[in-house]
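Results of the structural survey
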Amino acid sequence: MKDCVNFDFIYEKASPYYSHVGRKSIDPVILIKMLLIGCLYGIKSERRLEEEVSLNLAYRWFCGLDLMHRVPDHSTFSQNRKRRFKDASIFREIFNEIVLKCIQLGIVSGETGVADGSFLPSNVSWDSHYETVEIINRSTIKYMEELDAELSSMPGYKKPENVQTEKESLKSRTDPECGYIHQARKKGLGYLTEMTVDTSHGIITGVDCYPANQRESDIILNHLKGQICEYQEIGLDGGYDIGAVHRGLELLGINGYTAIREYQNNAMKKGFCYDAEKDCFVCMQGKNLEFQKLIYKRTTQNYYRLYSRSKKQCKNCPNFATCATDLGTVRINASAYYPSFYRNNQKVGTNDYLRVMRLRQIWAEGTFAVLKREHKLNKIQKRGIQKATEECLLSATALNLKRLVKAV
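We now turn to the structure provided with this report.

Definitions and limits used
Residues numbered from 1 in each chain as written. Predicted model: local features only at pLDDT ≥ 70, side-chain atom pairs only at ≥ 80, totals over all residues. Heavy atoms only, no water. Helix = DSSP H or I, 4+ residues; strand = E, 2+ residues; numbered from the N terminus. Contact = heavy atoms within 4.5 Å. Areas by Shrake-Rupley, 256 points an atom, 1.4 Å probe, with all protein chains shown as cover. Buried < 20%, exposed > 50% of the residue type's maximum accessible area, 1.4 Å probe, protein only. Pairing = 2+ DSSP bridges. Patch = residues over 30% accessible without salt bridge, like charges linked within 9 Å, V, L, I, M, F, W, Y side chains within 5 Å. Salt bridge = Lys/Arg side-chain N within 4 Å of Asp/Glu carboxyl O. Axes fitted to C-alpha atoms, helices over the stretch in contact; angles between N-to-C directions. Parallel < 35°, antiparallel > 145°, perpendicular 65-115°, else oblique. Phe/Tyr/Trp six-rings, centres within 6.5 Å; stacked < 30°, edge-to-face > 60°. Lys NZ or Arg CZ within 6 Å of the ring centre and 35° of its normal.

**Structural notes on the overall build of the protein**
Along its length, the protein carries 13 helices and 13 strands. Principal-axis analysis of the C-alpha atoms gives the protein an extent of 95 × 50 × 40 Å. For the protein, long-range pairs separated by at least 24 residues make up 69% of all intrachain contacts whose partners lie at least 6 apart in sequence. Of the roughly 21,400 Å² of accessible surface on the protein, 48% is carried by carbon and sulfur atoms.

**Here we look at the environment of Gln164**
Tracing the backbone through its elements, the reader meets Gln164 in strand β3 (residues 163-172). Separated by 30 residues in sequence, Gln164 and Glu134 place their C-alpha atoms 9.9 Å apart.

**A closer look at the side chain of Ser395**
Counting through the fold element by element, Ser395 comes out in helix α13 (residues 385-407). You can call Ser395 buried: its relative accessible area is 1%. Apart from the residues lying within four places of it in its own chain, the contact partners of Ser395 are Cys39, Leu371, His375 and Leu377.

**Some details on unusual backbone geometry**
A positive phi angle, near 50 degrees, is found at Asp279, a position not held by glycine. Here Asp279 falls in the buried class, since its relative accessible area comes to 17%. In the Ramachandran plot, Lys376 falls in the positive-phi region, its phi being about 50 degrees despite a non-glycine side chain. With respect to the element layout, Lys376 can be found in the loop between α12 (351-374) and α13.

**A look at the pairing of strand β12 (residues 302-310)**
Most of β12 sits out of view: 7 of its 9 residues are buried. The hairpin formed by strand β11 (residues 288-297) and β12 contains 4 residues between the paired strands, and Gln301 there has a positive phi angle of roughly 55 degrees. Bridging between β12 and strand β13 (residues 329-335) involves 7 bridges; their strand directions are antiparallel. By the bridge assignment for β13, Ser308 is matched with Arg331.

**Things to note about a nonpolar patch on the surface**
Together, Leu100, Ile103 and Ile228 give the surface a local cluster of nonpolar side chains, amounting to about 210 Å² of exposed area. Considering the arrangement of structural elements, one finds Leu100 in helix α6 (residues 90-105).

**Re the packing of helix α2 (residues 28-40) against helix α3 (residues 46-55)**
Direction vectors running N to C along α2 and α3 enclose 105 degrees, while the axes themselves pass 10 Å from each other. Judged by the inter-axis angle, α2 sits roughly perpendicular to α3. The segment α2 lies against α3, with Met34, Leu35, Ile37 and Gly38 engaging Glu46, Leu49, Glu50 and Val53.

**Thoughts on the packing of aromatic side chains**
All told, the structure shown has 13 aromatic pairs when counted by the stated rule. Centre to centre, the rings of Tyr338 and Phe341 are 5.7 Å apart; their planes meet at 35 degrees, and the pair counts as tilted. Taken together, the residues span about one helical turn, with Tyr338 and Phe341 both in helix α11 (residues 338-347) at a distance of 3 residues. Of the two residues, Tyr338 and Phe341, neither departs from the other in class, the shared state being buried. Among the aromatic side chains, those forming a connected cluster through ring pairs are Tyr274, Phe281, Phe291, Tyr307, Tyr338, Phe341 and Tyr342. For the cation-ring pair, Lys33 lies above Phe62, with the distance from its terminal atom to the ring centre recorded as 5.1 Å.

**Remarks on the environment of Gly38**
Considering the arrangement of structural elements, one finds Gly38 in helix α2. Between the C-alpha atom of Gly38 and that of Met284, which follows or precedes it by 246 residues, the distance is 63 Å.

**Description of the pattern of salt bridges**
This structure, assessed with the given rule, holds 17 salt bridges. Of the charged contacts, one joins Lys382 and Glu46 as a salt bridge, the two residues approaching to 3.5 Å between their closest N and O atoms. Taken together, the residues Lys382 in the loop between α12 and α13 and Glu46 in helix α3 connect sequence positions 336 residues apart. Between Glu374 and Lys402 there is a salt bridge whose closest N-O contact spans 2.9 Å. Taken together, the positions of Glu374 in helix α12 and Lys402 in helix α13 put the pair 28 residues apart, joining distant regions of the chain. Looking at Lys402, the relative accessible area reads 33%, which means it is partly exposed. Among the charged side chains, a salt-bridge network with shared partners connects Glu150, Arg247, Glu250 and Arg343.

**Topic: the sheet that holds β11**
Spatially, β9-β10-β11-β12-β13 is the arrangement adopted by the 5 strands of the open sheet, whose pairing is antiparallel. Of all the strands in the sheet, the pair left with one neighbour each is β9 (273-275) and β13. Strand-to-strand, the axes of this sheet are offset by a mean angle of 40 degrees, without reference to chain direction. As paired strands, β9 and strand β10 (residues 280-282) are joined by 3 bridges and run antiparallel to one another. Bridged to Cys273 within β10 is Val282. The strands touched by α11 are β9, β10, β12 and β13; relative to β12, the strand with the most contacts, the crossing angle is about 90 degrees.

What follows is the structure in structure tokens.
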């Protein structure tokens, strides 16, 4: 690894956090390399890490410490977090530098990527939780600026309302920044990490961390937009199967392949079909329900596309009783981005779809399995969103280094 990657770039990244006067500081490259050793070999305790580096000659060689050098004390890491690297982005800069190195070596192609999120329990006792009621400003979800701009240009658009409402939630006294999640296979207090993996050699190109009560579909577009690697195609699971995500991927120039999920109010179940060229629904009698305008529903604070046809035009239809609805029209309320939603559905079952879904199973699910099993990411050890992000970035960097060496 030492021969494949020159870690001297850390000096430049760390220079703003060090003074040029006073007593000489501990070499920042040594500190970062020791943290990477901890992630590479699953050493969870920094006290234990100090002992391992002190006794292991290979670790000393990698860190640039000879037998006469004293290994930095374990308390040095916590003091640097509290003082020097507090609110700093150095760990993300180091992660990005390794990704750039992988791009230069040609082991990140940018052709096909897979993204997913995973729940990471926080280092808190369940006894520390308490119920709270917060007053929040509830409004339409902001997926991406480009999506909002496109939506505002559609007929019928109304500016979304901000409504104050009470929300019950669970929090932890010992880690107030973590979130509570309650799903079929995930339950507890913790964080959500979102990662993107290039399928050429399994290099992680994007890492973000959020409280666990965030929805993956709300954050995926800004997650992809903020990466230094631009993908041609991306594979996602069914949790991202919403119109806004499909349209957002199109605006980003990414060919998305997303597993589909069942929706209860699917117009297809009522015998309608969709004509993509005309952007209209067609009933069983061959009549078109044209797109009229956007509808803003205050109850859900979401936008919908209204497809409708006058009742007068359908009164002699044998299916009139089952199709007719209120407000004088036969109507269908679809996703505000239904054309993109439909285009994604048409990809399901194609050779490209099956290929990307297979890669997603290997690299997205497989990468999280390796990170949790071998690189101490089965649980967030420290507290607070910044330190949780630091742990995710360090673990991802360690795995990238391992895969970089294997590829080279």
